[in-house]
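Now for the letters of each chain:
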Amino acid sequence: MIDASSVRKDFPQLQRKINGKPIVYLDSSATSLKPKSVIDAVTGYYSDYTANVFRGIYTTSEEATAAYELARAKVAGFIGAHLPEEIVFTRNTTESLNLLAAGIGKTLHHEDEVITTIMEHHSNFVPWQQRVMKKNGVFKIWNIDKEGQLNLGDLDTLITRRTKVLTISASSNVLGTISPIKKIVSTVKRLNPKCLVFVDAAQAVPHMAVDVKDWGADAIAFSGHKMLGPTGIGVLWARISLLSDLPPYQYGGDMIEEVHRDKTLFKGPPHKFEAGTPHIAGAIGLGAAVDYLQALGLGAVRKHEIEITDYALKALARIKGVIVIGPRDARDRGGVVSFRLDKVHPHDIAQVLDESGVCIRVGFHCAQPLHEFLEIGPTARASFYLYTTKEDIDVLIEGVEKVKQLFK
Amino acid sequence: MDIYREIILDHYKNPRNFGHLHHVDASAEAYNATCGDKMRIEIQVKSPASPAGREKFRRSGIPLRGTKVKSIQDIRFSGEGCAISQASASMLTEKVKGMSAAQIQKLSFQDVQKMLGVSLTPSRVKCATLPLEVLQKAISSI
């Protein structure tokens, strides 16, 4: 069980006041707040052992390299990967997915198919759309039902022998829909063993236990900054066989074995995909974030979020004129609640809430195809994490009532 | 709530010049993909029609064609968006009736800010200037 009020003491920013009121941060889907241990890990590198990695024989360079590679091993353990070599550090989920799309894109032929879902974030939609269009392939979209869920039966018609990739988010950043990845992977592999399955796990890894061996997917992508880590560091996990097959994404130092005038030999994974000086402090901070989350236990994190989400859903249901989208049951959704309020534009909702120190996100949340499909226009979104309390939700509800009054 | 002064809320809830014109001389539309704000502006233009009006311009040396001469006879806006964009459109359409096209092209964000009378955070500036952008787009076509 998470004691949110004691956990909150670990997060310096929660001491902050906005317009004289305590900050009520409800935008963890966009980025998470950072515990002191992560901030200290980052500043520790910059104050005590700043040096480049893999380059030096001297003490601080060895320290930096060890810390960087230790972070890699920690992340591998965190998601149940077999080998640390299966963890590639990138800038973020977007870069991880672009890396995959670039590599796979090179192998696509005319009439090859790539499938994604209508609820994807632009980072798991646009890279595939563009690469497939370039090669005159077929870009298929798997639609959701009225509850915001995917129907597994659709796969029977969607997956053909020409389908090269199915790429899907484990947890939607708008609807909160949690998709049954393990079932989806086994269904896809049964229908076409050669089809690869990729997972955008940006909203999943921070909030629930993820085991890539159990999922059975071929690659997953997630961001450090959404899981208490620094910005600028992300992860691509992929099976070592896939990483060995994929071509390098960027060329330069640290990803080469030998460079001659007429040819170059590249390193194997993961360094093949880590050209140039990486975000050393970022990786070290991410390692500290993993430590923090493992100490709490992701089972406890998930349980806490279900409780908060359930509380929020019930409270919002009591306000006339509020429409919440996505699955009805808190157990079927991540800690993300997107809603509309009759007669009030989301911008105005957010502006009024800001007066009370409440931070929510508004707009299309980088999921324009989804909003087009649902025909609902822009939405307001409140998202929760291990430091969110019921009191936070109470302030949100009070704020929404205030908006209603102002605009009636 | 500083930004939602009475006057802004009034224009939002009771927008002036909302709807469509029977006779449209020029129109323009914009859609802000990041927030879903849609705006359409239709204008009816007046040029000096009477012989006396035309003679006045001939004597002053100002060409009869051109933006100094054409002015807004009537104007409507439609679409959907946040309180700031809608109130801004309502107030702007009131303000520009009778103004010449040349004068309208000279309007800037500062004028919009003054017109609204509230200080805008950077993220809301685009909401406030959307109607002006659309209006200037429509004007540029006459």
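Residues numbered from 1 in each chain as written. Chains lettered and ligands numbered in written order. Predicted model: local features only at pLDDT ≥ 70, side-chain atom pairs only at ≥ 80, totals over all residues. Heavy atoms only, no water.

## Details of the overall build of chain B
Across its full length, chain B carries 6 helices and 3 strands. The order of α-helices and β-strands along chain B, N terminus first, is α-β-β-α-β-α-α-α-α. Per-residue burial over chain B gives 47% buried out of 142 residues. Partitioning the intrachain contacts of chain B with sequence separation of at least 6 by distance along the chain shows that 71% fall at a separation of at least 24. If you sum the accessible surface of chain B, you get close to 7,300 Å²; carbon and sulfur atoms cover 51% of it. (Helix = DSSP H or I, 4+ residues; strand = E, 2+ residues; numbered from the N terminus. Buried < 20%, exposed > 50% of the residue type's maximum accessible area, 1.4 Å probe, protein only. Contact = heavy atoms within 4.5 Å. Areas by Shrake-Rupley, 256 points an atom, 1.4 Å probe, with all protein chains shown as cover.)

## Side note on the sheet that holds strand β9 (residues 219–223) of chain A
Residue and element names in this part refer to chain A. Strand order in the open sheet formed by 7 strands is β4-β10-β9-β8-β7-β5-β6, and the pairing between neighbours is mixed. Because the sheet does not close on itself, it has two edges, and the strands there are β4 (87–90) and β6 (138–142). Across the sheet, the mean angle separating the axes of adjacent strands is 20° when strand polarity is ignored. As paired elements, strand β5 (residues 113–117) and β6 share 5 bridges and run parallel to each other. Of the residues in β6, the one forming a bridge with Val 114 is Phe 139. (Pairing = 2+ DSSP bridges. Axes fitted to C-alpha atoms, helices over the stretch in contact; angles between N-to-C directions.)

## Focus: the pattern of salt bridges
All names here are of chain A. The tally for this structure, following the rule as stated, stands at 25 salt bridges over all chains. When the shortest N-O distance is used, the salt bridge between Glu 147 and Arg 328 registers 2.8 Å. Taken together, the positions of Glu 147 in the loop between β6 and α6 (155–158) and Arg 328 in the loop between β13 (322–325) and β14 (336–341) put the pair 181 residues apart, joining distant regions of the chain. Note that Lys 189 and Asp 218 form a salt bridge whose closest N and O atoms lie 2.6 Å from each other. Of this pair, Lys 189 sits in helix α7 (residues 181–191) while Asp 218 sits in the loop between α8 (212–215) and β9, and the two are 29 residues apart along the sequence. (Salt bridge = Lys/Arg side-chain N within 4 Å of Asp/Glu carboxyl O.)

## Focus on the confidence of the model for chain B
Keep in mind that low pLDDT regions are not for reading the predicted coordinates in detail. Residue and element names in this part refer to chain B. With 89% of its residues at a pLDDT of at least 70, chain B reaches an overall mean of 88. When pLDDT is averaged over each helix and strand of chain B, the minimum, 70, is found for helix α2 (residues 51–60) and the maximum, 96, for helix α3 (residues 83–96). Confidence estimates for the predicted assembly give a pTM of 0.93 and an ipTM of 0.83. (pLDDT = per-residue confidence, 0-100.)

## Overview of the packing of aromatic side chains
All names here are of chain A. Applying the stated criterion across every chain, the model contains 12 aromatic pairs over all chains. Considering the side-chain rings of Tyr 68 and Phe 89, the 5.3 Å spacing of their centres and the 55° angle between planes classify their relative orientation as tilted. Of this pair, Tyr 68 sits in helix α3 (residues 59–78) while Phe 89 sits in strand β4; the two residues are 21 residues apart in sequence, bridging distant segments of the chain. Each member of the pair, Tyr 68 together with Phe 89, is buried. Centroid distance Tyr 251 to Phe 266: 5.5 Å. Interplanar angle 45°. Geometry classified as tilted. Linking Tyr 251 in the loop between α9 (240–245) and β11 (256–259) with Phe 266 in strand β12 (residues 264–266), this pair joins segments that are 15 residues apart in sequence. A connected cluster of aromatic rings, assembled from ring pairs, spans Phe 11, Tyr 292, Tyr 385 and Tyr 387. (Phe/Tyr/Trp six-rings, centres within 6.5 Å; stacked < 30°, edge-to-face > 60°.)

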